[in-house]
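Summary of the model geometry
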Amino acid sequence: MRTVIYPGSFDPFHNGHLDVVHRASRIFDRVVVAVARNESKQPLFSVDERTRLVRESIRGISNVEADAFEGLLVDYVVRRQACAVLRGLRAVSDFEFEFQLALMNRRLNEQVETLFMTPKDTYTFLSSRMVKEISRLGGDVAPFVPPAVVAALKPRRP
Ligand code: ADP
């Protein structure tokens with residue numbers, strides 16, 4: 001049973017994240033989308049809301065699940081008996097930070113591998129920050145996020 005952990009803030013989950021999840025679900029036996037509590041980032045949605053939105057967005061993909069976690073990612077990976085961490089790479093600009101993170105996680109636990117996947121080219125410009133900004137300014141986010149996230153963003157508009 002090969003389990004991969006796809007960690008992130010997912011504030012909120014969008015179609016770029018979903019694209020990576022779809023791709024990973026064809027390679028691994030189980031994909032766990034792991035929502036980090038990350039209160040220091042002052043998220044728009046609570047960790048429970050973010051996890052619920054992931055869960056509703058991945059409904060129908062049988063080998064994917066949503067979970068929330070706190071603390072060190074490498075410890076969570078061990079707890080879930082996963083073999084790797086999955087991160088998305090949109091552009092070269094993501095690389096430096098992701099490279100640092102992967103090496104630090106390896107330093108913390110030699111057994112934990114990090115793998116990278118790129119989304120479909122049409123999603124490379126997508127980020128949770130952009131989605132929140134478009135929504136805040138009254139734009140239509142439906143092309144960028146799953147329906148559950150569209151519904152959750154609506155009442156948050158000013
Ligand atoms: P972070 O975990 O840095 O707070 P996110 O929650 O936005 O960032 O993203 C979680 C993971 O998904 C990260 O690996 C990030 O690089 C990746 N990701 C974000 N946006 C996209 C996208 N449009 N396409 C593919 N992967 C993405």
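Report on the accompanying structure.

What counts as what
Position labels on residues start from 1 in each chain and follow its written sequence. With the structure being a predicted model, the display of local features is reserved for residues of pLDDT at least 70 and the display and counting of side-chain atom pairs for 80 or more, all residues being used for whole-chain, interface and lining totals. Calculation of side-chain values draws on the structure's entire complement of heavy atoms; hydrogens and water are dropped beforehand. Secondary structure follows DSSP: runs of H or I at least 4 residues long count as helices, runs of E at least 2 residues long count as strands, and numbering of each begins at the N terminus. Here the globule rule is a power law, 2.2 Å times the number of residues to the power 0.38, and the radius of gyration is based on C-alpha atoms. Think of it in three bands: residues with accessible area under 20% of the maximum for their type are buried, residues over 50% are exposed, and the middle band is partly exposed, with areas taken using a 1.4 Å probe on protein chains only. Only heavy atoms enter the contact rule, under which two residues are in contact if any of them lie within 4.5 Å. Every accessible area reported is derived by Shrake-Rupley at a probe size of 1.4 Å, with residue values counting cover from the shown protein chains alone. Within this document, salt bridges are pairs made up of a side-chain nitrogen of Lys or Arg and a carboxyl oxygen of Asp or Glu, the two lying within 4 Å of each other. Whether a residue is near a molecule or strand is decided by its heavy atoms; if any one of them lies within 4 Å of it, the residue is near. As used in this structure description, the phrase polar contact means that two N or O atoms lie within 3.5 Å; if the pair is within protein, one of them must be able to donate a hydrogen and the other to accept it, and residues adjacent in sequence are counted only when both atoms belong to side chains. By the convention used here, strands pair only if DSSP detects at least 2 bridges between them. Seen with the strands pointing away from the viewer, any crossover whose path from the first strand over the helix to the second strand runs clockwise is right-handed. Grouping into patches uses exposed residues only, defined as over 30% relative accessible area, and leaves out salt-bridged ones; the cut-off is 9 Å for like charges and 5 Å for nonpolar side chains (Val, Leu, Ile, Met, Phe, Trp, Tyr). Directions are taken from the helix axis to each C-beta atom, and the arc is the one they span. Positive charges come from Lys and Arg alone, negative charges from Asp and Glu alone, with His and the N- and C-terminal ends not counted.

Considerations on the overall build of the protein chain
Along the protein chain, the regular secondary structure elements total 6 helices and 5 strands. For 158 residues, the compact-globule estimate of 2.2 N^0.38 gives 15 Å, and the protein chain sits close to it at 15 Å. Counting only C-alpha atoms and orienting by the principal axes, one finds that the protein chain spans roughly 45 × 35 × 30 Å. Sorting the 158 residues of the protein chain into buried and exposed places 47% on the buried side. Nonlocal contacts in the protein chain, meaning residues at least 24 apart in sequence, comprise 73% of its contacts between residues at least 6 apart. Only carbon and sulfur atoms are counted for the fraction: they give 52% of the accessible area of the protein chain, which is about 8900 Å².

Observations concerning the pattern of salt bridges
This model, assessed by the stated rule, comprises 12 salt bridges. Of the charged contacts in the structure, one is a salt bridge between R37 and E70, with a shortest N-O distance of 3.3 Å. Of this pair, R37 sits in the loop between β2 (30-36) and α2 (47-57) while E70 sits in the loop between β3 (64-69) and α3 (73-79), and the two are 33 residues apart along the sequence. Across the pair E98 and R87 runs a salt bridge, and its minimum N-O distance is 2.8 Å. With E98 in helix α4 (residues 92-108) and R87 in strand β4 (residues 84-88), the pair connects residues that are 11 residues apart, well separated along the chain.

Examining the site of the ligand
Taken together, 18 residues sit near the ligand, with Y6, S9, K41, G88 and Y123 positioned nearest. At 2.8 Å from an oxygen atom of the ligand is found a main-chain nitrogen or oxygen belonging to F10. Here an oxygen atom of the ligand sits 2.6 Å away from a polar atom, N or O, in the side chain of K41. Within the complex, the protein chains bury 90% of what would otherwise be the 540 Å² of accessible surface of the ligand.

Describing the pairing of β3
Judged from the 6 bridges that link them, β2 and β3 form a sheet pairing that is parallel. Along β3, the bridge assignment pairs V33 with A66. With α2 bridging β2 and its parallel neighbour β3, the resulting β-α-β unit is right-handed.

Overview of a nonpolar patch on the surface
Among the surface-exposed residues, V92, F95, F99 and L103 lie close enough to one another that they form a single nonpolar patch of about 410 Å² accessible area. By the element assignment, V92 lies in helix α4.

As for α2
Taken residue by residue, α2 has V47, R50, T51, L53, V54 and S57 as its buried positions. The buried residues of α2 occupy an angular sector of 160° when projected down its axis, which confines them to one face. Turning to α2, the residues buried within the fold contact α1 (15-25), β2, β3 and α6 (147-153).

Quick look at the side chain of R50
Its location among the elements puts R50 in helix α2. One buried charge, R50, has no salt-bridge partner; the nearest side chain with opposite charge is D11, at 4.2 Å. Among the polar contacts made by the side chain of R50, one reaches the main-chain carbonyl oxygen of S9 at a distance of 2.9 Å. In this structure R50 touches S9, F10, D11, V35, A36, R37, P43 and F45, once residues within four positions along its chain are discounted.

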